[in-house]
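Here is what each chain is made of, one letter per residue.
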Amino acid sequence: MPTKEKPVIKNTLRQDKPENSKKKSKKSTSGKAGFWGFFKDEKLHVSVGVFLILFSAFTLISCTSYLINYFSWVSDSSVANVTLYDLLFDTSLDVQNWGGRLGAALSWQIIKQGFGIGTFFIVIFMIVAGIRLTFGRTLFSLWRTLRLCVILLVWISLTMGFFFHNNEYSVLAGVFGVFGYQWLEGFMGQIGTGMLLFFILIMLFVFTVNLSLKSLVPKKKAKPLPDNDGENRWFRPGSKNTIKEDKYNTTEYAVGDADEVWNFKTSTPAEDGELTPKGEKSISSTFSGSNPTHEVEFTIEQPMATALIEENGNNGITHYTIDTPYDPTLDLASYVFPTTDLLDDFSDHGIKVNREELEENKNRIVQTLGNYGIKIEKIKATIGPAVTLYEIIPAPGVRIARIKNLEDDIALSLSAIGIRIIAPIPGKGTIGIEVPNQNPEIVSMKSIFTSDKFQFSKYELPFGMGKTISNESYVADLTRMPHILMAGATGQGKSVGLNAIITSLLYKKHPSQVKFVMIDPKKVELTLYSKIERHFLAKLPDSDEAIITETRKVIRTLNSLNIEMDSRYDLMKDAQVRNIKEYNNKFIARLLNPNSGHRYLPYLIVVIDEFADLIMTAGKEIEVPLTRLAQLSRAIGIHLVIATQRPSVNIITGSIKANFPARFAFRVISKIDSRTILDSSGAEQLIGRGDMLLSTGSDIMRLQCAFIDTHEIERITDFIGSQRGYPDAFYLPEYNDDEGDAGEMFDPTERDELFEDAARMIVAHQQGSTSLLQRKLKLGYNRAGRIIDQLEQAGIVGPFEGSKAREVRIANEFALEQFLKDLHLK
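What this report covers is the structure whose coordinates are included nearby. (Residues numbered from 1 in each chain as written. Predicted model: local features only at pLDDT ≥ 70, side-chain atom pairs only at ≥ 80, totals over all residues. Heavy atoms only, no water.)

### Notes on the overall build of the protein chain
Then, number 1: In terms of regular secondary structure, the protein chain is built from 26 helices and 19 strands.
Then, number 2: Nonlocal contacts in the protein chain, meaning residues at least 24 apart in sequence, comprise 68% of its contacts between residues at least 6 apart.
Then, number 3: Carbon together with sulfur atoms contributes 56% to the accessible area of the protein chain, which is approximately 43,400 Å² in total. (Helix = DSSP H or I, 4+ residues; strand = E, 2+ residues; numbered from the N terminus. Contact = heavy atoms within 4.5 Å. Areas by Shrake-Rupley, 256 points an atom, 1.4 Å probe, with all protein chains shown as cover.)

Structure (structure tokens):
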């Protein structure tokens, strides 16, 4: 009876940084990083790409010249058997090739002594590879082009040998084609060889252009699919439009009590975008003695978003009537959605999570629990991009609290940070222990955007955030959240999370369907999106820049959004609908009259970075309009995405938390910060670099945030910004800040009643700042700013100097009193 062999794990993860490896010395690690870093250098890629393009052009010219000379009875055989030295320095060699001695020798070797005219497919592949390296653009799939060129190279050479093996045209077959045909003829005869070559030709058409005999049979005209409110759909007409997801990436252990005999099962997820003929993801598993999985390449082409107009014999001229549905995308009908080629792919930078690492962690968990008399029946390990989840089933009678209290002991035995125990896992009868991988994977934004969940999403506002602990792409709908609060310590991934949400919507939505209101007090995080102002951004009518950085403009913008919200509710009341989706559907169906003020309403996404800075600067003037938006704006299509690095109770207040049920927590410093964000602990145990917890109410999910770099965002914004856009950004309603205008145009003789108190406060502290007056005198931002302007006009403080406090020009209170007397204020 044959014995069962243990399976071999081949789960490959992408390496984040070489310094994560603890088993290598610093010297060897840095040396390896420098060695591989040389091959990742963009300058090297451009140099190799330019060389391939020029060398392929030289080869094409030389081979063409060789064939022309050959059939013109001009021979360059003098370079046939020369040495390299003679080829370089022997000027007596007479050649007629356009490429000189090198071109003659090269073309003689690869055509006459090689593959004949099939050699030109080598040139084609070099051109495709050169363009990919030089310009970062993919004309065709690189590996698919390589496979196709190799097959055509061999087939053309053998076919030419079949027809011209015994005459002067044998040069078209080359030595490979002639001898290859002779071997095939001896093996299967001339008729069999011809049938084999014909079979290969048919297979080429089947796998490259999807040739099918069924296409010869006329089909019934398929009904067009709905475009889901302009959403980019990639289905073929007549298809079932179903995609089944593979949800398995697990390893199971059956743990024995005495001998610790255990079984091992593993399966790895299919790569995103790889589909079987049935539309299911392919699952590739490696076991000793098992049959290999058959892989079939299935290509889905993205159709251009065009209006479905029936042909009525009107010579291609489209006539629109009152019955034709309104299309909001017609103003930018030529708009092209960004492609995934603009994003980086980290799939080639992976490393392996070996069996030893999983077995070692399993043994340490079992040993640690056994030391405290806790027996377990089964362990199931789920391998994620950065963390492995070990689900354990304890023996009957074991209290969950005992395992929960051993969190620090398990972390000590595993010598790892970020150990997190979930006791119990919601919806399961197991206890989860999350252990960070030794070499976490970089989850690329490209892998999320090419996944089936994102491409075939039917959500109104879909966004991809990263991958779950089971290696599935996480895609959610912003309209169902409906607002997002992000928090975490500095450098843990908040800005990358904001970019992931923004770029997701840029990839899925037309400029007419969504607009962004971007608020960036730091002035450097969101400025990259200024290039798409005329496509996707919204601003106040009197604002010069769409990216809002000044606190006063933030207050005006939030109040303007409140006016827009009230206006939209009035429109919905008149239209007798309850939400923006129903309203837009009515407007598209031309059931609402534009002359009555009705219009197509795009979604408005308010993105705020560094929310804590705004609260500290303006306080209630920011919180009040923002809270009102959070409470009421869901139904009319205004959604908030807020990020802060200071998750304290005075920043994230109760009114803010109550209206932000969806919270993304990156790594924080203390349990108090974690409880402020999530109402539970756990965020302080994350490992950083995009490791995050998502709370949507009672359930908490661990994700690895997808990474998108600055240069990727630049490519996307350049791609969108280079296209024709609207004349200007989307204008928000005007908001008249009477108090702010009065502060800017005050009369020097009419000073605030707190002018004297403010002057004494400024001189006593020798600090001329608006925030000081706000805190000490309990004033709003506008009034405090007006008093500072009056103090400047009177000469008590100096002019505005950016982030610095204003200069106080009066040294002490005695000098101030004398100064006030001179102003006739006493």
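### Describing the nonpolar core
Then, number 1: Met 465, Ile 484, Phe 516 and Ile 605 are the most contacted members of the largest nonpolar core, which has 108 residues in total.
Then, number 2: With eight residues, the single largest contributor to this core is helix 15 (residues 551-575).
Then, number 3: Those residues in contact with Phe 516 that sit more than four places away from it in its chain are Ile 502, Leu 505, Leu 506, Phe 536, Leu 537, Ala 538, Ile 605 and Val 607.
Then, number 4: Core analysis: the second largest hydrophobic core is formed by 23 residues, Ile 383, Val 398, Ile 410 and Ile 433 among them. (Core = buried A, V, L, I, M, F, W, Y, C linked by side-chain atoms within 4.5 Å. Buried < 20%, exposed > 50% of the residue type's maximum accessible area, 1.4 Å probe, protein only.)

### Some points on the pattern of salt bridges
Then, number 1: According to the stated counting rule, one finds 28 salt bridges in the structure shown.
Then, number 2: Where Arg 568 meets Glu 564, a salt bridge forms, and the shortest distance between an N and an O atom there is 2.8 Å. Taken together, the residues span about one helical turn, with Arg 568 and Glu 564 both in helix 15 at a distance of four residues. Here the two residues Arg 568 and Glu 564 agree in accessibility, since each one is buried.
Then, number 3: Across the salt bridge formed by Arg 783 and Glu 753, the nearest N and O atoms sit 3.4 Å from each other. Here Glu 753 lies in the loop between helix 22 (738-744) and helix 23 (755-765) and Arg 783 lies in helix 25 (residues 781-794), a separation of 30 residues in the sequence.
Then, number 4: What makes Arg 783 partly exposed here is its relative accessible area of 22%.
Then, number 5: Relative accessible area serves as the criterion here: at 69%, Glu 753 is assigned to the exposed category. (Salt bridge = Lys/Arg side-chain N within 4 Å of Asp/Glu carboxyl O.)

### Quick word on a nonpolar patch on the surface
Then, number 1: Together, Leu 84, Tyr 85, Leu 88 and Phe 89 make up an exposed nonpolar region whose accessible area comes to about 500 Å².
Then, number 2: Mapped onto the elements of the fold, Phe 89 is located in helix 3 (residues 84-89). (Patch = residues over 30% accessible without salt bridge, like charges linked within 9 Å, V, L, I, M, F, W, Y side chains within 5 Å.)

### Some points on the environment of Glu 472
Then, number 1: As for its position among the elements, Glu 472 is in the loop between strand 9 (462-468) and strand 10 (473-477).
Then, number 2: Residue Glu 472 is classed as buried on the basis of its relative accessible area, which comes to 15%.
Then, number 3: Along the chain, Glu 472 and Ser 451 lie 21 residues apart, while their C-alpha atoms are 9.2 Å from each other.
Then, number 4: In terms of polar contacts, Glu 472 uses its side chain to reach the side chain of Lys 453, at 3.2 Å. (Polar contact = N/O pair within 3.5 Å; in protein donor to acceptor, adjacent residues only side chain to side chain.)

### Thoughts on the pairing of strand 15 (residues 638-644)
Then, number 1: Of all seven residues in strand 15, seven are buried, a share of seventy percent or more.
Then, number 2: Side chains of strand 15 alternate between two faces, with Ile 638, Leu 640, Ile 642 and Thr 644 and His 639, Val 641 and Ala 643 buried alike.
Then, number 3: Pairing analysis gives four bridges linking strand 11 (residues 484-487) to strand 15, with the strands arranged parallel. Following the sheet pairing, Leu 485 is matched in strand 15 by Ile 642.
Then, number 4: In the sheet, strand 14 (residues 603-608) pairs with strand 15 via five bridges, with the strands oriented parallel. Paired with Val 607 across the bridge in strand 15 is Val 641. (Pairing = 2+ DSSP bridges.)

### What about the packing of helix 15 against helix 16 (residues 580-588)?
Each packed pair of helices is defined by two parameters, the angle between the axes and the distance between the axes.
Then, number 1: Packing of helix 15 against helix 16 brings their axes to within 10 Å, and their N-to-C directions diverge by 60°. Here helix 16 runs oblique to helix 15, going by the angle between their axes. Crossing of helix 15 over helix 16 shows left-handed handedness. Contacts from Arg 568, Leu 571, Met 572 and Ala 575 in helix 15 reach Ile 580, Tyr 583 and Lys 586 in helix 16.
Then, number 2: A per-class count over the contact of helix 15 with helix 16 returns five nonpolar, no polar and two charged. (Axes fitted to C-alpha atoms, helices over the stretch in contact; angles between N-to-C directions. Parallel < 35°, antiparallel > 145°, perpendicular 65-115°, else oblique. Left-handed = near helix turned anticlockwise from the far one by under 90°. Nonpolar A, V, L, I, M, F, W, Y, C, P; charged D, E, K, R; others polar.)

### Section: helix 17 (residues 611-618)
For an α-helix the count is 3.6 residues per turn, leaving residues at separations of three or four pointing the same way.
Then, number 1: Those residues of helix 17 that fall on the buried side of the exposure criterion are Phe 611, Ala 612, Leu 614, Ile 615 and Ala 618. One face of helix 17 carries all of its buried residues, which in axial projection span an arc of 160°.
Then, number 2: Gly 619 occupies a position one or two residues after helix 17 and carries a positive phi of about 60°. (Arc of directions from axis to C-beta.)

### Some points on the packing of aromatic side chains
Then, number 1: Scanning the entire structure with this criterion turns up 13 aromatic pairs.
Then, number 2: Each ring, one from Tyr 335 and one from Phe 536, has its centre 6.3 Å from the other, and the planes form 70°; the classification is edge-to-face. With a gap of 201 residues between them, Tyr 335 in the loop between strand 3 (264-266) and strand 4 (350-352) and Phe 536 in helix 14 (residues 533-536) connect regions that are remote in the sequence. Pair check on accessibility: Tyr 335 and Phe 536 agree, each one buried.
Then, number 3: Between Phe 449 and Tyr 507 the ring centres are 4.6 Å apart and the planes differ by 40°, which places this aromatic pair in the tilted class. A residue pair is termed long-range when its members are at least 10 positions apart, and Phe 449 in helix 11 (residues 445-449) and Tyr 507 in helix 13 (residues 494-508) qualify at 58 residues. Like Phe 449, the residue Tyr 507 is buried in the burial classification.
Then, number 4: What links up through ring pairs into an aromatic cluster is the set Phe 162, Phe 163, Phe 164 and Tyr 181.
Then, number 5: The positively charged end of Lys 508 is found above the aromatic ring belonging to Phe 454, 5.4 Å away from the centroid.
Then, number 6: The positively charged end of Arg 751 is found above the aromatic ring belonging to Phe 755, 5.4 Å away from the centroid. (Phe/Tyr/Trp six-rings, centres within 6.5 Å; stacked < 30°, edge-to-face > 60°. Lys NZ or Arg CZ within 6 Å of the ring centre and 35° of its normal.)

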